[in-house]
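# Close look at the chain arrangement
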Amino acid sequence: MKGLVLAAGPGRRLHPLTAALPKTLLPLNDGRTILDLSLANLCAVGIEDVAIVTGFAADEIERRVPDLERGHGVRVELVFNDRAEEWNNAYSLWLARDVFGQGALLLNGDTVHPHSVEETLLTAGGPGVLLAVDDSKALGEEAMKVLAWEDGRLRTITKNVDPSEADGEYIGVALIASAAAGALADALETTWRRDPSLYYEDGFQELADRTGNVHLASIGSVQWVEVDDQADLDRAREIECRY
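First, a word on what this report is: a plain description of the structure on this page. Treat the numbers as computed from the prediction; the structure is a model and nothing was measured.

Cut-off values and rules
- Residues numbered from 1 in each chain as written.
- Predicted model: local features only at pLDDT ≥ 70, side-chain atom pairs only at ≥ 80, totals over all residues.
- Heavy atoms only, no water.
- Helix = DSSP H or I, 4+ residues; strand = E, 2+ residues; numbered from the N terminus.
- Expected span 1.5 Å × (residues − 1).
- Buried < 20%, exposed > 50% of the residue type's maximum accessible area, 1.4 Å probe, protein only.
- Pairing = 2+ DSSP bridges.
- Contact = heavy atoms within 4.5 Å.
- Polar contact = N/O pair within 3.5 Å; in protein donor to acceptor, adjacent residues only side chain to side chain.
- Axes fitted to C-alpha atoms, helices over the stretch in contact; angles between N-to-C directions.
- Parallel < 35°, antiparallel > 145°, perpendicular 65-115°, else oblique.
- Left-handed = near helix turned anticlockwise from the far one by under 90°.
- Nonpolar A, V, L, I, M, F, W, Y, C, P; charged D, E, K, R; others polar.

### A few points about helix H7 (residues 178-194)
For the α-helix, the turn length of 3.6 residues means that residues three or four positions removed from each other point alike. Taking 1.5 Å of rise per residue, 17 residues should cover 24 Å, and H7 covers 25 Å from first to last C-alpha, within 8% of that figure. For H7, the set of buried residues is Ala180, Ala181, Leu184, Ala185, Ala187, Leu188, Thr191 and Trp192.

### As for the pairing of strand S6 (residues 129-134)
Here S6 lies mainly inside the structure; 6 of its 6 residues are buried. The alternating pattern of S6 places Val129, Leu131 and Val133 and Leu130, Ala132 and Asp134 on opposite faces, both of which are buried. Across 5 bridges, the pairing between S6 and strand S9 (residues 168-176) is antiparallel. Considered in S9, the bridge of Leu130 is made with Leu175. As judged from the 5 bridges shared by S6 and strand S10 (residues 214-218), these two strands associate in the parallel manner. Bridge assignment links Leu131 to a residue of S10, and that residue is Leu216.

### Quick notes on unusual backbone geometry
Each neighbour pair has its own omega, and for His15 with Pro16 the value is 10°, a cis peptide bond. Assignment of secondary structure puts Pro16 in the loop between strand S1 (2-7) and helix H1 (34-44). Even without being glycine, Asp30 reaches a positive phi, approximately 55°. Tracing the backbone through its elements, the reader meets Asp30 in the loop between S1 and H1. Classification of Asp30 as exposed rests on a relative accessible area of 82%.

### Quick notes on the side chain of Gln205
With respect to the helices, strands and loops of the structure, Gln205 is situated in helix H8 (residues 200-211). We classify Gln205 as buried; its relative accessible area is 15%. The residues touching Gln205, leaving out its near neighbours within four places in the chain, are Arg155, Thr156 and Ile157.

### Observations regarding the side chain of Thr18
The residue Thr18 is located in the loop between S1 and H1 in this model. Side-chain polar atoms of Thr18 contact the backbone oxygen of Gly11, separated by 2.6 Å. When sequence neighbours within four positions are dropped, the list of residues in contact with Thr18 reads Pro10, Gly11, Arg12, Lys23, Leu26 and Phe56.

### Regarding the packing of H7 against H8
Packed helices, taken two at a time, are described by their axes: the angle between them and the distance between them. Taken N-terminus to C-terminus, the directions of H7 and H8 make an angle of 120°; their axes are 8 Å apart at the nearest point. Comparing their axes, H8 and H7 come out oblique. For the element pair H7 and H8, the recorded crossing hand is right-handed. On the side of H7, the interface is formed by Ala183, Leu184, Asp186, Ala187, Leu188, Thr190, Thr191 and Arg194, while H8 contributes Tyr200, Asp202, Gly203, Phe204, Glu206, Leu207 and Arg210. Split into classes, the residues belonging to the contact of H7 with H8 amount to 7 nonpolar, 3 polar and 5 charged.

As structure tokens, this is what we get:
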């Protein structure tokens, strides 16, 4: 089992903070960055081998690798996406197919959350892809919303769902079992080749439509935030100091 952090995007909504810095390196509290928190979460559940998909300002992450490895006791592998500023993250995740082929905990590099989320996924386990879902918060139009079948499998994942009808929000953390890795890689390739602007969640939808092997796990009442703008970053700094 490996950790896999997606940190390739340019984070344009946070300019000027991200003019030359990937979002994942934005500071939270006590000198920690979002990436530091991601690595700490993975270490807390016993994962010491981590791959980071880089793209925009990749050199900023690369030069920090020795400090990240020493500070967190992890081994870091970098996967470079040379199209990160042109294409969306379905391609980023596909580039890491050799990593998740061994089984992986996938984390968006801009999501701040406690390691209880990773614990929930690892406890639930399963042979497919398992998505961490917040089914307690009020949802907005921009949320990556999910609809579930009665048995807990994913039916739909998209932002284009009426919030009042959704069964929750995917928070950007997923467990990929090695047994499902080949099918997921194929679904992701179909997705980005169809339209390189699509999200990796569209790849999850492709996999769900093909195999039905994508499941949902409720994270319970957990404080978390996806950092897209300054208000999100302020919220991340507020909640991060609580765990």
